[in-house]
Amino acid sequence: LLLLQVSASCLWLGRSEVVTSFESSCPQFFFRETPPNEALEPENPAWICQRYKNQYYFATLYDRDRRIPVYSAYLYQPGPGKRPKTWLVEPQLMGPTYPKTMEREWTLLNYFNVSLEQLSKSQAMLQDYKNLTGLNRGHLNPSSHHPNSSSRTATFTLTNIVPQDEKLNGGAWNNYEQQTMTRRTQGCNTTYVIVGAVPGNNYIAKGRVNKPSHIWSSACCEVDTNHRKAWAVIAENDKNKVQLLTLGELEDVLTQLYRRDQVSLFDSNCPRE
């Protein structure tokens with residue numbers, strides 16, 4: 001019986017939400033189950049299959065050192081509904097013995113014997129985003145691109161948030177998320193989206209959380225089995241302006257900004273022109 005219990009607990013640990021790869025755990029959020037290549041990977045990455053109420057809703061590559069997401073990948077399925085109010089964190093970033101789903105800070109502190117110090121070492125916290133000047137908690141994967149209450153709530157995890165310029169977040173970026181995406185996805189059966197942030201030289205919260213220099217978004221849409229279209233945007237994170245690009249142009253810009261290998265965001269069957 002003891003052996004059974006031990007093996008059962010090992011199986012459970014194997015379902016950890018901070019995973020070894022997206023391909024093996026939540027590949028469904030990427031076109032042809034192909035995540036971006038390694039050119040964007042930070043020194044201390046965490047692959048998170050974002051899980052809420054026992055279901056995966058999107059995937060996030062997280063930069064543990066800078067305490068911001070590198071990118072979040074999801075399926076574009078907008079629907080009506082209210083914007084959630086509850087912010088969540090990712091217990092798995094503290095270690096595999098913690099809950100496998102995102103939780104409220106309050107729940108971890110009161111029910112799981114977690115200290116604020118423990119939590120703060122592993123990721124950004126609510127305190128880091130208090131008293132911001134000219135910046136918002138900017139979603140990479142926006143709640144409005146999801147069809148129901150649970151999927152929208154899942155986007156309200158701090159592992160999906162970066163310090164984003166207030167005017168950009170409420171202005172040109174919001175306009176892209178709400179209007180341009182609606183227009184561009186006309187005729188699409190399935191739209192795969194990857195939204196990311198390029199690390200910058202500035203920090204908030206006494207150097208704990210990086211303020212990205214750029215925010216970017218890319219989409220690959222399947223019109224039917226033989227036809228696909230793709231597009232992308234990038235914005236400097238101190239200007240209220242979004243630049244529309246081809247997928248290939250965005251990959252080239254990111255390659256220059258990261259100064260590493262050539263960036264590839266989607267499988268090669270997505271058009272770059």
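Reading the values: rules and limits
- Residues numbered from 1 in each chain as written.
- Predicted model: local features only at pLDDT ≥ 70, side-chain atom pairs only at ≥ 80, totals over all residues.
- Heavy atoms only, no water.
- Helix = DSSP H or I, 4+ residues; strand = E, 2+ residues; numbered from the N terminus.
- Rg over C-alpha atoms; globule rule 2.2 N^0.38 Å.
- Buried < 20%, exposed > 50% of the residue type's maximum accessible area, 1.4 Å probe, protein only.
- Areas by Shrake-Rupley, 256 points an atom, 1.4 Å probe, with all protein chains shown as cover.
- Lys, Arg positive; Asp, Glu negative; His and termini not counted.
- Charge placed at Lys NZ, Arg CZ, Asp CG, Glu CD.
- Salt bridge = Lys/Arg side-chain N within 4 Å of Asp/Glu carboxyl O.
- Disulfide = S-S within 2.5 Å.
- Patch = residues over 30% accessible without salt bridge, like charges linked within 9 Å, V, L, I, M, F, W, Y side chains within 5 Å.
- Pairing = 2+ DSSP bridges.

A.B. asks: Teacher, can you tell me more about the overall build of the chain here?
C.D. replies: What the chain contains, in helices and strands, is 8 helices and 12 strands. Computed over its C-alpha atoms, the radius of gyration of the chain comes to 18 Å, within 12% of the 19 Å expected for a compact globule of 273 residues. Structurally, the chain occupies a C-alpha span of about 60 × 45 × 40 Å along its principal axes. Here the chain, with 273 residues, has 53% of them falling under the buried criterion. As displayed, the chain has an accessible area near 13,200 Å², and 47% of this comes from carbon and sulfur atoms. When the 29 positive and 26 negative side-chain charges of the chain are each reduced to one mean point, those points stand 8 Å apart.

A.B. asks: I would appreciate a short explanation of the pattern of salt bridges in the present structure.
C.D. replies: Any two side chains of opposite charge can pair, given that their charged atoms come close. Overall, the coordinates contain 6 salt bridges when judged by the stated rule. Via salt bridges that share partners, E236, D238 and K239 belong to a single interconnected network.

A.B. asks: How do you make sense of the state of the cysteines when you look at a structure like this?
C.D. replies: Throughout this description, disulfide means a covalent bond between two cysteine sulfur atoms. According to the stated counting rule, one finds 3 disulfides in the structure shown. Residue pairing for C26: its cysteine sulfur links by disulfide to C49, the two sulfurs lying 2.2 Å apart. An S-S torsion of about -85 degrees defines the bridge between C26 and C49 as left-handed. Of this pair, C26 sits in the loop between α2 (22-25) and β2 (45-52) while C49 sits in strand β2; the two residues are 23 residues apart in sequence, bridging distant segments of the chain.

A.B. asks: Help me understand a nonpolar patch on the surface, please; the structure alone is not making it clear to me.
C.D. replies: Together, W106, Y111 and F112 give the surface a local cluster of nonpolar side chains, amounting to about 380 Å² of exposed area. By the element assignment, W106 lies in helix α3 (residues 105-111).

A.B. asks: I tried to follow the pairing of β2 on my own but got confused; where do I start?
C.D. replies: On a regular strand, one side chain projects to one face of the sheet and the next to the other, so that they alternate. Of all 8 residues making up β2, 7 are buried, and the element is well covered by its neighbours. Both strand β1 (residues 18-19) and β2 contribute to a ladder of 2 bridges, which runs antiparallel. Looking at the pairing, V19 lines up with W47 of β2. Both β2 and strand β3 (residues 55-63) contribute to a ladder of 8 bridges, which runs antiparallel. Within the sheet, the bridge partner assigned to W47 lies in β3 and is L61. Hairpin connection, β2 to β3: the antiparallel pair is bridged by 2 residues, and K53 has positive phi, about 50 degrees.

A.B. asks: Explanation requested: the pairing of strand β6 (residues 161-165) in the structure shown.
C.D. replies: Counted residue by residue, β6 has 5 buried out of 5 residues, so it is predominantly covered. The alternating pattern of β6 places I161, P163 and D165 and V162 and Q164 on opposite faces, both of which are buried. Here strand β5 (residues 135-139) pairs with β6 via 5 bridges, running antiparallel. Bridged to G138 within β6 is V162.

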